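Here's the letter readout for the chains.
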Amino acid sequence: GDSVTQMEGPVTLSEEAFLTINCTYTATGYPSLFWYVQYPGEGLQLLLKATKADDKGSNKGFEATYRKETTSFHLEKGSVQVSDSAVYFCALSRAGGTSYGKLTFGQGTILTVHP
Amino acid sequence: DGGITQSPKYLFRKEGQNVTLSCEQNLNHDAMYWYRQDPGQGLRLIYYSQIVNDFQKGDIAEGYSVSREKKESFPLTVTSAQKNPTAFYLCASKRTGYIHQETQYFGPGTRLLVL
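1. Thoughts on the state of the cysteines
Residues and elements named next belong to chain A.
Okay, so step 1: Applying the stated rule across the entire model yields two disulfides over all chains.
Okay, so step 2: Across the disulfide from Cys23 sits Cys90; the S-S distance is 2.0 Å. Between Cys23 and Cys90, the S-S torsion sits near -70°, and that sign places the bridge as left-handed. Linking Cys23 in strand E4 (residues 23-26) with Cys90 in strand E10 (residues 86-93), this pair joins segments that are 67 residues apart in sequence.
Okay, so step 3: The class for Cys23 is buried, based on a relative accessible area of 0%.

Here is the structure:
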């Protein structure tokens, strides 16, 4: 079945440091890939997405490129801020079978940014 | 403003009691989803609905039930058969279920605790 694997956390960085959170996936066909962010006690917000190979999603300084050859969708940001502290989820969705557009999530990566 | 509302924010369940979590959306979306979030495990799909009066079991449906009598509403009942109900429950919706590229939008969540 489909699966998403994120790098082990938590991740702790100083403000203005470079961020990478690794995400790899297993799925048949051509899934769409998503990064969601969750702030404490809240629901999930879409951060960015990519729907086909080599697409780059970007938002609020975050970027991720859909790499089909390595089945990866790593999240990056050049300079993190304290306000980026949150839990980040990588997820996929694909067509066909009984998927019905459901999201398959990674386990989440906790990011803490210190001033 | 369009969005998804969930109530209550916190819910306490006594032994042997059924409780119902509310989810309402005014986005005019056809598809709605219920996920359960446990620490360190990401989100897992409980039930989903593609259209009014139709719903399907997700990956962890045992001990839960749903209804979809109106397009905007998708309540989840946690029954006494669910032996480990303590979790954060998230409702989501998207315009159509079968287009996997579309974004799924999430509500703020309900935290269920067992007394």
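2. As for the sheet that holds strand E7 (residues 56-59) of chain A
Residues and elements named next belong to chain A.
Okay, so step 1: Taking strand neighbours across the sheet as the criterion, the four strands line up as E3-E9-E8-E7 in an open arrangement whose pairing is antiparallel. Looking at which strands have only one partner, the edges of the open sheet turn out to be strand E3 (19-21) and E7. Direction aside, neighbouring strands of the sheet carry axes that sit 15° apart on average.
Okay, so step 2: Where E3 and strand E9 (residues 75-77) come together, three bridges link them in antiparallel fashion.

3. Looking at the sheet that holds strand E3 (residues 19-25) of chain B
Strand pairing in a sheet relies on backbone hydrogen bonds, with the paired strands running either antiparallel or parallel.
Residues and elements named next belong to chain B.
Okay, so step 1: A sheet is described by the order of its strands in space; here four strands give the open sequence E1-E3-E8-E7, paired in antiparallel fashion. Bordering the open sheet on either side are strand E1 (4-7) and strand E7 (64-66), each of which pairs with just one other strand. Averaged over all adjacent pairs, the angle separating strand axes in this sheet is 20°, with direction ignored.
Okay, so step 2: Across three bridges, the pairing between E7 and strand E8 (residues 76-78) is antiparallel. Across the sheet, the residue bridging to Val66 is Leu76, located in E8.

4. Quick look at the side chain of Gln6 of chain A
Residues and elements named next belong to chain A.
Okay, so step 1: Looking at the secondary structure, you find Gln6 in strand E1 (residues 3-6).
Okay, so step 2: Within the local environment of Gln6, its side chain forms a polar contact with the backbone oxygen of Tyr88, the two atoms lying 2.9 Å apart.
Okay, so step 3: Among the polar contacts made by the side chain of Gln6, one reaches the main-chain amide nitrogen of Cys90 at a distance of 3.0 Å.
Okay, so step 4: Contacts of Gln6, omitting those with residues within four sequence positions, involve Ile21, Asn22, Trp35, Tyr88, Phe89, Cys90, Gly106, Gln107, Gly108 and Thr109.

5. Regarding the interface of chain B and chain A
Okay, so step 1: Taken residue by residue, the interface counts 23 residues in chain B and 25 residues in chain A.
Okay, so step 2: Around 1800 Å² of area is buried between chain B and chain A when both sides are counted, 54% of it from carbon and sulfur atoms.
Okay, so step 3: It is Leu43, His100 and Phe106 of chain B that lose the most area in chain B upon contact with chain A, and together they represent 29% of the buried surface on that side.
Okay, so step 4: The salt bridge partner of Lys102 of chain A is Asp59 of chain B, with a shortest N-O separation of 3.0 Å.
Okay, so step 5: Top element by residues in the side of chain B that touches chain A is strand E5 (residues 43-51) of chain B. It accounts for four residues.
Okay, so step 6: Across the side of chain B that touches chain A, the residue classes break down as nine nonpolar, eleven polar and three charged.

6. Re the pattern of salt bridges
Between side chains of opposite charge, a pair can form when the charged atoms approach closely.
Residue and element names in this part refer to chain B.
Okay, so step 1: The tally for this structure, following the rule as stated, stands at nine salt bridges over all chains.
Okay, so step 2: For the salt bridge of Glu102 with Arg95, the shortest nitrogen-to-oxygen distance reads 2.6 Å.
Okay, so step 3: Bridged by salt links that share partners, the residues Arg36, Asp38 and Arg44 form one connected network.

7. Quick notes on unusual backbone geometry
Okay, so step 1: For the peptide bond that leads from Ser7 of chain B to Pro8 of chain B, omega is -10°, which places it in the cis range.
Okay, so step 2: A positive phi angle is found at Asp54 of chain A, which is not glycine, with a value near 75°.
Okay, so step 3: With respect to the secondary-structure elements, Asp54 of chain A resides in the loop between strand E6 (44-50) and E7.
Okay, so step 4: In this structure Asp54 of chain A comes out as exposed when scored by relative accessible area, which is 52%.

Rules and cut-offs
Residues numbered from 1 in each chain as written. Chains lettered and ligands numbered in written order. Predicted model: local features only at pLDDT ≥ 70, side-chain atom pairs only at ≥ 80, totals over all residues. Heavy atoms only, no water. Disulfide = S-S within 2.5 Å. Helix = DSSP H or I, 4+ residues; strand = E, 2+ residues; numbered from the N terminus. Buried < 20%, exposed > 50% of the residue type's maximum accessible area, 1.4 Å probe, protein only. Pairing = 2+ DSSP bridges. Axes fitted to C-alpha atoms, helices over the stretch in contact; angles between N-to-C directions. Polar contact = N/O pair within 3.5 Å; in protein donor to acceptor, adjacent residues only side chain to side chain. Contact = heavy atoms within 4.5 Å. Buried area = accessible area lost by both parts, 1.4 Å probe. Salt bridge = Lys/Arg side-chain N within 4 Å of Asp/Glu carboxyl O. Nonpolar A, V, L, I, M, F, W, Y, C, P; charged D, E, K, R; others polar.

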